[in-house]
Each structure stands twice: as structure tokens, then as C-alpha cells.
Amino acid sequence: MSGHSLIVAGGGIGGLAVALTLARDGHRVTVLEQAHELAEVGAGIQISPNASRILVDLGLGPALARVAVTPSDIRVFSTRAAGEVARTPLGSRPEERWGAPFWVIHRADLLAVLAAAARAHPLVDLVLDARLRGVGAEPGHITIHATVAGEARDFPADGLIGADGVRSRVRIAVRGGPPARYTGRTAYRATVPIEAAPEELRRSTGLWFAPHAHIVHYPIRAGREWNIVAIVEDAWHDESWSVAADRAEVARVFGLSTTRWPPLARRLLDLPDQWTKWALCGFDTDFEWSSGAVTLLGDAAHATLPFAAQGGGMAIEDAEVLARTLRGAPNVASAFHAYETLRKPRARAIVDQAAKNGRIYHMPDGLAFFRDTTLKLGVGSRLTDRMAWIYGWKAG
Ligand SMILES: Cc1cc2nc3c(=O)[nH]c(=O)nc-3n(C[C@H](O)[C@H](O)[C@H](O)COP(=O)(O)OP(=O)(O)OC[C@H]3O[C@@H](n4cnc5c(N)ncnc54)[C@H](O)[C@@H]3O)c2cc1C
């Protein structure tokens, strides 16, 4: 079956990826994105081989390789041990083992490559300043109600894919699914020129464990910039989900005036003048994603804590599986149902893995001794083996 007319709500990583996999298979896709222009938060994202393989197969490999970085290794540090506890070489190894690269990339660069491919495809219509309002179901097709540049507009279609993020209107208002809730963790994100980063860390992906907090850093923008994410358990009561934060706030929240952090970690947290503070949200995974010709994809379906670095990767995997299930299905509704059945167990397993990683990363010092000793005894050199079930995944 091919040649359906499908609407995608949301032009983020998931929405643009599914527009490309569907258009590749001959479907006509309209992406409705509420933003006036496509923009991403000023931060990086790790794209592991399970997802990069799909992007490479879509023909995006050369464009992404120009702006991404392949980190030389993963280095794990512990504040309890006051230094490095494990190191795993990366470089070309993921490509040799799983047939696709491990990339770290600026989100704006990833989105720009996806958007350029979508705009260049004759079967994709990318409509900005277009906000989905609701859906009307009629026999044989549905009508999507949207506001485009302030004007009400209806889009008839064979199916709707809600790729509208963790606070998805399609999940909550259209599907009656769970609302997003704050997870009690806040991410502070910043980028700095590569020259500002400690020389010995510039080409690595670094991960720092601390009680109730952790830091991740890696190079982006073809090695010209450096990305830092610092996550802390707290109780944020602000109504907004993403706000600016300054150096003084980071110093206070992460306790930089105490001896808790070794000097190198303190130096990292002191690098950026300005951060963006991001409330990490999730929701109960126990609900139906699909109903008739409406389904969900990416964070709208299965938002996860970012501690396995897989939310974007899962959205890209969803995009590939959704297009493949449409290939042999008698109609859109049965394809969406099959897609949900295929995707749910993996999405749940990754969400659970991310939560488990959080408990390990944030262990209090007493327990952290056993974690650090295990890592030092050699498990560290096999860090990527523990992730093989995620990185080695292939669609069908
Ligand atoms: C700190 C942090 C670090 C992370 N690190 C990684 C990582 O290293 N690797 C990884 O794979 N993932 C990572 N993630 C997760 C990743 O960012 C998300 O999983 C991914 O961005 C989800 O993409 P999406 O397209 O599903 O949703 P989104 O990126 O949220 O896009 C949704 C889009 O829908 C639009 N929209 C919303 N409502 C409407 C509407 N009513 N009408 C029209 N448009 C609408 C929004 O404007 C937006 O553009 C991280 C997340 C965080 C917070």
C-alpha cells in the first residue's frame, strides 16, 4: 500500500524524520510546525548507531558528517573517586561493530539537515506557524483543524501522526492520554567555544557521576564548540519549562563552593556565562498511542529521561518502523496499530534503562564506592557492550 496523504503534527527531530521515511515510500506528507522558524535549543545531542544508520540510509550521511563529531572515547569520572574511573575507546569502533557512526552534533545542525531534506522532497510540505488544534473523524478519512499564520484551516488526510513533543496536544487532547509531569530533575545546558574547554577533554564524551547530579560534555559543530549538560535532582516550581540561568545559579545549585566537586569538574561548571535551564518531564507509559488513523511518535509517545541519550534516537527509530508498517498494511489504522505493537516493548525498555542509569549516576557516596570499584575493575572498558542491545538495533 502506498500513496497515502498523512499529516505530521510537529517539525522536531521525530516529525521531520518521519516525513522523510514516509515520503521515501511514496506517501504525501504535510508537517505542521507551530514555530515561525525551525529552531532548536542551543545544545548538543548524541546520535548512536541505531539512529545514525537510519539517517545514513536516508542519504543524510555526508551532510551530517560535515557538522558532527565522532568522539575519540567515553570517559567516566566520579566525584567520590575525585577523578576518572573508566574509559572506553569510540572513534571508528561503533562503525566497525554496528555499521553506523556514533555522532555528537549541535541540535540546530541536525534539524537543519533534516529540514533541508524535507524541503527538497517533492512529497513533503513543511508548513511553519501552523498549530494543530483538533481532529475530526469521518468515515474513511480525518480532518485536522489547525491555525496557520493566525487563520483557521482544515487539512483532510488519511492519517495523523502526533510528533508534537512531551506536552503533545495529540496525546493529551485528541487521544485522552496522560499529561506531562516534572520528574524532579533539571538539566542546565550550555555551549562554549572549543578553546575554552580543557584540552585533555576536547575530543571525548565525558560523564561525571556525583551524588544526586551528573555532568555530560562533548564536542559539536565539527569540533568548533563544546557542549555541557549538568543535571541535578531538585524541586523546580517555576511555571516555565525552559529558562535562562547564570553562572551564579549553577554554582549555588551544584554546590561549587563545597569540596564536593574535584577542581576539573568545578572548572567545567564555571565555563559558561549563560545556561539554559530545562525541566525534565515524563509521563506514564501505560496508555494506547493509536486510535484509528491517529498515532504518536517520539517524545509525544514515550518521553524518557535523557540518561541513555536515546529520546531523539527512539524518535528516528519510530519514523523508520512507522513507514515500514505502512508498506504491507491494508489501511492506515491497522498499520498504526502494528507500529505501536512493534515499538512499545523497546520504548519501555529504553525508558526503564534511562531511569536505571539515573540511579547509578546519582548514587550517594556510600554506594558509589561499589559502583566506582566495579568500573575500575574493568567493566568500564565494556561500557559500550552494555549498550549493544540499543546501538545494534536494526528495523526489520
Ligand atoms: C537535557 C537533554 C539531553 C538529551 N540528550 C539526548 C541525546 O543525547 N540523544 C538523544 O537521542 N536524545 C536526547 N534527548 C532527547 C531528545 O531531545 C528528544 O527525545 C527529542 O528532541 C524528541 O523529538 P520529538 O521530535 O519527538 O519532539 P520535540 O523535539 O519536542 O519536537 C516537537 C515539535 O512539535 C512542535 N509542536 C508542539 N505542539 C504543536 C502543535 N500543537 N502544533 C504544531 N506543532 C507543535 C514543537 O514546536 C516542536 O518543534 C535529550 C533531552 C534533554 C532534555
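Residues numbered from 1 in each chain as written. Predicted model: local features only at pLDDT ≥ 70, side-chain atom pairs only at ≥ 80, totals over all residues. Heavy atoms only, no water.

Caption draft 1: Expanded view of the site of the ligand. Around the ligand, the surrounding shell holds 29 residues, and the nearest of these are Gly14, Glu33, Arg107, Asp299 and Gly312. Between the ligand and Gln34, the relevant distance is 3.2 Å, taken from an oxygen atom to a side-chain nitrogen or oxygen of the residue. At 2.9 Å, a backbone N or O of Gly312 approaches an oxygen atom of the ligand. When the ligand sits alone it has 1,000 Å² of accessible area, and the protein chains cover 86% of it. Secondary-structure elements contributing two or more residues to the shell around the ligand are helix H1 (13-24), strand E3 (44-47), strand E8 (130-138), strand E12 (181-193), strand E17 (274-282) and helix H10 (311-328). Of the residues assigned to the shell around the ligand, the class counts are eleven nonpolar, twelve polar and six charged. (Near = heavy atom within 4 Å. Polar contact = N/O pair within 3.5 Å; in protein donor to acceptor, adjacent residues only side chain to side chain. Areas by Shrake-Rupley, 256 points an atom, 1.4 Å probe, with all protein chains shown as cover. Helix = DSSP H or I, 4+ residues; strand = E, 2+ residues; numbered from the N terminus. Nonpolar A, V, L, I, M, F, W, Y, C, P; charged D, E, K, R; others polar.)

Caption draft 2: How the structure looks around the packing of aromatic side chains. Tallying each qualifying case throughout the model produces ten aromatic pairs. On the basis of an interplanar angle of 10° and a centroid distance of 4.2 Å, the ring pair of Phe77 and Trp208 is categorised as stacked. Of this pair, Phe77 sits in strand E4 (residues 73-78) while Trp208 sits in strand E13 (residues 205-210), and the two are 131 residues apart along the sequence. In this structure Phe77 comes out as buried when scored by relative accessible area, which is 4%. Here the aromatic rings of Trp98 and Tyr391 are separated by 5.4 Å at their centres, their planes lie at 85°, and the arrangement is edge-to-face. Here Tyr391 lies in helix H14 (residues 388-391) and Trp98 lies in helix H4 (residues 93-98), a separation of 293 residues in the sequence. With respect to burial, Trp98 and Tyr391 carry one shared label: buried. In textbook terms, an aromatic cluster arises when at least three aromatic residues are bridged by ring pairs, as seen for Trp98, Phe102 and Tyr391. Over the ring of Phe283 we find Arg171, and its NZ or CZ is 3.6 Å from the ring centre. Directly above the ring of Trp278 sits Arg189, whose terminal nitrogen or CZ lies 4.7 Å from the centroid. (Phe/Tyr/Trp six-rings, centres within 6.5 Å; stacked < 30°, edge-to-face > 60°. Buried < 20%, exposed > 50% of the residue type's maximum accessible area, 1.4 Å probe, protein only. Lys NZ or Arg CZ within 6 Å of the ring centre and 35° of its normal.)

Caption draft 3: Main features of the pattern of salt bridges. Inspection of the entire model under this criterion finds 19 salt bridges. With a shortest N-O distance of 3.0 Å, Asp25 and Arg24 are connected by a salt bridge. Under the relative-accessibility criterion, Arg24 is labelled partly exposed at 33%. One salt-bridge network, in which partners are shared between bridges, spans Arg24, Asp25, Glu320, Arg324 and Arg327. (Salt bridge = Lys/Arg side-chain N within 4 Å of Asp/Glu carboxyl O.)

Caption draft 4: Focus on the domain arrangement of the protein chain. What the domain assignment reports for the protein chain is domain 1 (5-70 + 104-181 + 283-359) and domain 2 (182-282 + 361-386). Once you take the C-alpha centre of each, domain 1 and domain 2 turn out to be 28 Å apart. The partner domain 2 presents 28 residues to the 31 residues of domain 1 that form the contact. Roughly 2,300 Å² is buried in total at the junction of domain 1 and domain 2, and carbon and sulfur atoms are behind 56% of that figure. When the buried area of domain 1 at its contact with domain 2 is split by residue, Val69, Arg181 and Phe307 rank highest and sum to 23% of it. At the surface where domain 1 touches domain 2, the tally comes to one salt bridge. For Arg221, the salt bridge is made with Asp109, and the minimal N-O distance between the two is 3.0 Å. (Domains from an automatic or database assignment. Contact = heavy atoms within 4.5 Å. Buried area = accessible area lost by both parts, 1.4 Å probe.)

Caption draft 5: Spotlight on the sheet that holds strand E14 (residues 213-220). Spatial strand order, E5-E4-E13-E14-E15-E12-E17-E16: eight strands in an open sheet with mixed pairing. Sheet topology places strand E5 (83-89) and strand E16 (242-246) at the edges, where each strand pairs with a single neighbour. For this sheet, the mean inter-axis angle between neighbouring strands, taken without regard to orientation, is 20°. Examined bridge by bridge, E13 and E14 share five bridges and lie antiparallel to one another. Across the sheet, Phe209 pairs through a bridge with His214, a residue of E14. (Pairing = 2+ DSSP bridges. Axes fitted to C-alpha atoms, helices over the stretch in contact; angles between N-to-C directions.)

Caption draft 6: Seen up close, the pairing of E3. Of the two faces of E3, the one holding Gly44 and Gln46 and the one holding Ile45 and Ile47 are both buried throughout. Strand direction decides the pairing type here: E3 and strand E6 (residues 103-106), joined by four bridges, are antiparallel. Considered in E6, the bridge of Gln46 is made with Val104.

Caption draft 7: Up close: the environment of Ala163. The residue Ala163 is located in the loop between strand E11 (159-162) and helix H6 (169-174) in this model. Judged by relative accessible area, Ala163 falls into the buried class, the value being 12%. Separated by 132 residues in sequence, Ala163 and Val31 place their C-alpha atoms 9.5 Å apart. When residues no more than four places from it in sequence are discounted, the contact partners of Ala163 are Val8, Ala9, Gly10, Gly14, Gly15 and Leu297.

Caption draft 8: View of the side chain of Ser52. For Ser52, the location among the structural elements is in helix H2 (residues 49-57). You can call Ser52 buried: its relative accessible area is 0%. Setting aside its immediate chain neighbours within four residues, Ser52 contacts Ile47, Ala100, Pro101 and Trp103.

Caption draft 9: Structural view of the sheet that holds strand E7 (residues 124-127). Strands sit in the order E7-E2-E1-E11-E18 across an open sheet of five strands; the sheet is parallel. Two strands in the sheet have a free side with no partner beyond their single neighbour: E7 and strand E18 (294-296). For this sheet, the mean angle separating the axes of adjacent strands, direction not counted, is 20°. Bridge analysis of strand E1 (residues 5-9) against E11 gives four bridges, and the strand direction is parallel. Across the sheet, the residue bridging to Leu6 is Gly159, located in E11. Along the sheet face, H1 touches E1, strand E2 (28-32), E7 and E11 and points at about 170° away from the line of E2.

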